[in-house]
Every structure is written in structure tokens, then in C-alpha cells.
Amino acid sequence: MRLRNVKGSRETIAANEWVVKDLPACKGHWAERIFNNTNPIHIEIGMGKGQFIMELARLNPDINYIGIEKYSSVLVRALEKMEESTLTNIRFIRMEAENIQEVFAPGEIDQIYLNFSDPWPKDRHAKRRLTSKEFLSRYANIIKKESRIIFKTDNRPLFDFSLEQVEESGWNLINHTFDLHNSKYVEGNIMTEYETRFVKEGKPICRMVITQP
């Protein structure tokens, strides 16, 4: 997918109060330094325009949420939505997911969401997939023991790859489905922008929930 450049997006992000900039100083201190509380922290990696994570923040005021997005032109759309919101339990980061261990301390994160991640279809790019064993290793260093990672995608080959990586990495597969919206796991599901569109088109959504070994 080719992203449309949004003029001035980097400048908007740099000036926005909801985007955290001094990331090294926050490592290990997100709850008290940024949110001024000790509530659990959930993150979404590759949050897109923010529909999913902002709805979670609205429904769960006692949980802190951090949306991570590497594209300025996408993140700025979420910031536009924040202008109409009174949410205080959400912040945003513009960064590459590979650097996640530089931003969060061991055991600092309580839950991770991966929604409709880039499939990186070429084999030589497999390590870049957010559900690869390389990324699972990164996540293991920042989440609490027995914390969950929840992954959704419409891409069946990526989902099959992800299931293999979970097994190879020794993670625990709590549950999974190849058709979320026709399964018992759909109750309480919050949809992303992509998911809303795909469901209207009749595409099945795959979802899995895993915990580290």
C-alpha cells in the first residue's frame, strides 16, 4: 500500500502534546512519568489512524494505552481525532517497532496488540514481520510474565506463518480462530479501520492470543 504524504505531519507530531518525544527518559517510568498513575499499560504496535486503541482507551479508563506508529502521515490522523476527545489515558509514539526494547523496560507492558500488520510477503523480509520469532523475542523482554499478545489479520499466509513462529519460539497459544466474526471469540471485539472494511467485504479475520513461555 502506498501512503499519501501529509504536508506538515512531522511538524504537527513534534508539537503535539499527546506524542511522547523523550523516549529514553520514559523507559521504566511510563506509568508515573507520563500517566501519573500505576495503572496497567497496553500498547498497540502499528496503530494506523487510531480507531482501535482510542476506543479501548474510552472503554477502559483504568488502563493506560500507548499507540505506536512509524508513519507520520498516518499518526497525524489519530492526532486529529484527539482534538475531539477528552481521553487522558492514551499517548502516542512515532518510532520503528524494532526499537521497542529501547523504549520499554523489562516487564513494563501488560498487553500488546498487533492489528493487520504489514505482511512483508517476500521470504527475505520474514524477520520484519511483527509476529516473527525475532519480534516475539523483543516482546518477551518488555511484557510481564503471562501477559497476552493479541494478533488480528485478514492475511491467511501471514497468520499461518505466525502460528508456526509461536510454536518454534515456545510461546503458549491460548486460542486462535480463522474466522473471528463467526466464532465465539468475537464477543467484545473492537474493530480497526481495516477490519471494518474487510468485514463489509466478507473477508474472514484471523485472530490469535498468545503468552510467553
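Structural data are supplied above this passage.
In this report, the structure presented in the accompanying data block is examined. (Residues numbered from 1 in each chain as written. Predicted model: local features only at pLDDT ≥ 70, side-chain atom pairs only at ≥ 80, totals over all residues. Heavy atoms only, no water.)

Some remarks on the overall build of the protein chain
Tallying secondary structure elements over the protein chain gives eight helices and seven strands in all. Computed over its C-alpha atoms, the radius of gyration of the protein chain comes to 17 Å, within 12% of the 17 Å expected for a compact globule of 213 residues. Projected onto its principal axes, the C-alpha coordinates of the protein chain cover approximately 40 × 35 × 35 Å. The proportion of buried residues among the 213 residues of the protein chain is 48%. Taking as baseline every contact in the protein chain between residues at least 6 positions apart, the subset at least 24 positions apart corresponds to 75%. Looking at the protein chain as shown, the accessible area adds up to about 11,200 Å², and 47% of this sits on carbon and sulfur atoms. (Helix = DSSP H or I, 4+ residues; strand = E, 2+ residues; numbered from the N terminus. Rg over C-alpha atoms; globule rule 2.2 N^0.38 Å. Buried < 20%, exposed > 50% of the residue type's maximum accessible area, 1.4 Å probe, protein only. Contact = heavy atoms within 4.5 Å. Areas by Shrake-Rupley, 256 points an atom, 1.4 Å probe, with all protein chains shown as cover.)

Description of helix α6 (residues 133-140)
Within α6, burial applies to Phe135, Leu136, Arg138 and Tyr139. With its buried residues spanning 155° around the axis, α6 presents them on a single face. Looking at the buried side of α6, the elements it contacts are β1 (41-45), β4 (109-115), β5 (143-153), α7 (156-169) and β7 (206-211). (Arc of directions from axis to C-beta.)

Description of the environment of Leu79
Within the secondary structure, Leu79 is located in helix α5 (residues 72-82). Here Leu79 falls in the buried class, since its relative accessible area comes to 2%. Placed 110 residues apart in sequence, Leu79 and Asn189 show a C-alpha to C-alpha distance of 23 Å.

Let's talk about the sheet that holds β4
Strand order in the open sheet made by the seven strands is β3-β2-β1-β4-β5-β7-β6, with mixed pairing throughout. The open sheet has two edge strands with one neighbour each: β3 (90-94) and β6 (172-177). With strand direction ignored, the average angle separating the axes of adjacent strands in the sheet is 15°. With five bridges joining them, β1 and strand β2 (residues 64-69) adopt parallel strand pairing. (Pairing = 2+ DSSP bridges. Axes fitted to C-alpha atoms, helices over the stretch in contact; angles between N-to-C directions.)

As for the nonpolar core
With 38 residues, the main nonpolar core has Trp30, Ile43, Ile45, Phe104, Ile112 and Tyr139 as its most contacted residues. Among the elements that line this core, the one with the most residues is α7, at five residues. Discounting chain neighbours no more than four positions away, the residues touching Ile45 are Ile68, Ala97, Ile100, Ile112, Tyr113, Leu114, Leu130 and Tyr139. Core analysis: the next-biggest nonpolar cluster, separate from the first, contains 22 residues, Ile13, Val19, Leu75 and Leu87 among them. (Core = buried A, V, L, I, M, F, W, Y, C linked by side-chain atoms within 4.5 Å.)

Here's the deal with the packing of aromatic side chains
This structure, assessed with the given rule, holds seven aromatic pairs. Note on Phe135 and Tyr139: the rings are 6.0 Å apart at their centroids and 40° apart in plane angle, and the pair reads as tilted. With Phe135 and Tyr139 both in helix α6, this residue pair falls four residues apart, about one helical turn. Among the residues examined, Phe135 registers a relative accessible area of 1% and is labelled buried. A centroid spacing of 5.6 Å and a plane angle of 80° characterise the contact between Phe159 and Phe178, whose relative ring orientation is edge-to-face. Of this pair, Phe159 sits in helix α7 while Phe178 is found in the loop between β6 and α8 (193-200), placing the two residues 19 residues apart along the sequence. What makes Phe159 buried here is its relative accessible area of 0%. Each member of the aromatic cluster is reached from another via a ring pair, and the members are Phe116, Tyr194 and Phe198. Against the face of Phe135 rests Arg138, its NZ or CZ located 4.4 Å from the ring centre. (Phe/Tyr/Trp six-rings, centres within 6.5 Å; stacked < 30°, edge-to-face > 60°. Lys NZ or Arg CZ within 6 Å of the ring centre and 35° of its normal.)

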